[in-house]
Amino acid sequence: MNYIKKHTNYDSTKLKEIEYGIVSIYLTLSKFIVISSICLIFGIFKEMFIFTIFFNILRLPAFGLHASKSWMCWVSSTIIFIIIPLLCIYLYLNIYIKIIICLICIVLMLKNAPADTKKRPIINKKRRKIYKTISTLLAILFSICSIIIKNDFITNSLIFALILENCLIAPTVYKIFKLPYNNYLTFLKEHPDFIN
């Protein structure tokens, strides 16, 4: 950051964006290395990797909660990306349970996605609508795949990715962690001249 400050004429807002990006990359890489190492030790690296892909496909358009502190992010990420793949390996869900979970997840995705954060409010109305549509269509696709695919690990990974993402976009979970919800509304109130 010192190098960037010395060699550019960026204002404080742009510098904060760059710093946020650098910190995000650092945290992501360091968590990935640690969690991957643990998964390699337990012999579940492939399973963790597959679950992570499914989860991130949903996370991209639906967004959702971010831990407010680095240590919280470390703890939650370690639990999520080690425990959930283990559950996906050993848990059996019958077809009726899968259908019920999938229907609930589709409805909740339609209702709650996308869920923004205070640092990154989704201000544009058209963009929010696009994200909601993509998130819901992905939830439907994941649900169909989880019912027709015969591989238990893959179907469990799809379902747990749906459950986890729905938890991370739920208003109740935001309240539990004392984080603001619908941050775009707060932004628009604070910036009444902003053209949405």
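See the structure above.
The following refers to the structure shown.

Attention shifts here to helix 6 (residues 125–148). Here helix 6 spans 35 Å end to end across 24 residues, near enough to the 34 Å set by a 1.5 Å rise per residue. Turning to helix 6, its buried residues are Arg128, Ser135, Thr136, Leu138, Ala139, Phe142, Ser143 and Ser146. Those residues of helix 6 hidden inside the fold are in contact with helix 3 (45–62), helix 5 (95–112), helix 7 (152–168) and helix 9 (183–190). The opening residue of helix 6 is Asn124, an N-cap whose side-chain oxygen sits 3.0 Å from the backbone nitrogen of Lys126.

What follows covers the nonpolar core. Counting 39 residues, the largest nonpolar core has Phe51, Met109, Phe142 and Leu162 as its most contacted members. The element that contributes the greatest number of residues to this core is helix 7, accounting for nine residues. Those residues in contact with Met109, other than ones at most four positions away along the chain, are Leu58, Ala62, Lys132, Ser135, Thr136, Ala139, Leu162, Glu165, Asn166 and Ile169.

With respect to the helices, strands and loops of the structure, Ser143 is situated in helix 6. Assessed through its relative accessible area of 4%, Ser143 is described here as buried. Non-local contacts of Ser143, meaning those with residues more than four positions away in its chain, are made with Cys102, Ile106 and Leu162.

Between side chains of opposite charge, a pair can form when the charged atoms approach closely. Counted according to the given criterion, the structure contains one salt bridge. A salt bridge links Arg59 to Glu165, with the nearest nitrogen and oxygen atoms 3.9 Å apart. Of this pair, Arg59 sits in helix 3 while Glu165 sits in helix 7, and the two are 106 residues apart along the sequence. In this structure Arg59 comes out as buried when scored by relative accessible area, which is 14%.

What counts and how
Residues numbered from 1 in each chain as written. Predicted model: local features only at pLDDT ≥ 70, side-chain atom pairs only at ≥ 80, totals over all residues. Heavy atoms only, no water. Helix = DSSP H or I, 4+ residues; strand = E, 2+ residues; numbered from the N terminus. Expected span 1.5 Å × (residues − 1). Buried < 20%, exposed > 50% of the residue type's maximum accessible area, 1.4 Å probe, protein only. Contact = heavy atoms within 4.5 Å. Polar contact = N/O pair within 3.5 Å; in protein donor to acceptor, adjacent residues only side chain to side chain. Core = buried A, V, L, I, M, F, W, Y, C linked by side-chain atoms within 4.5 Å. Salt bridge = Lys/Arg side-chain N within 4 Å of Asp/Glu carboxyl O.

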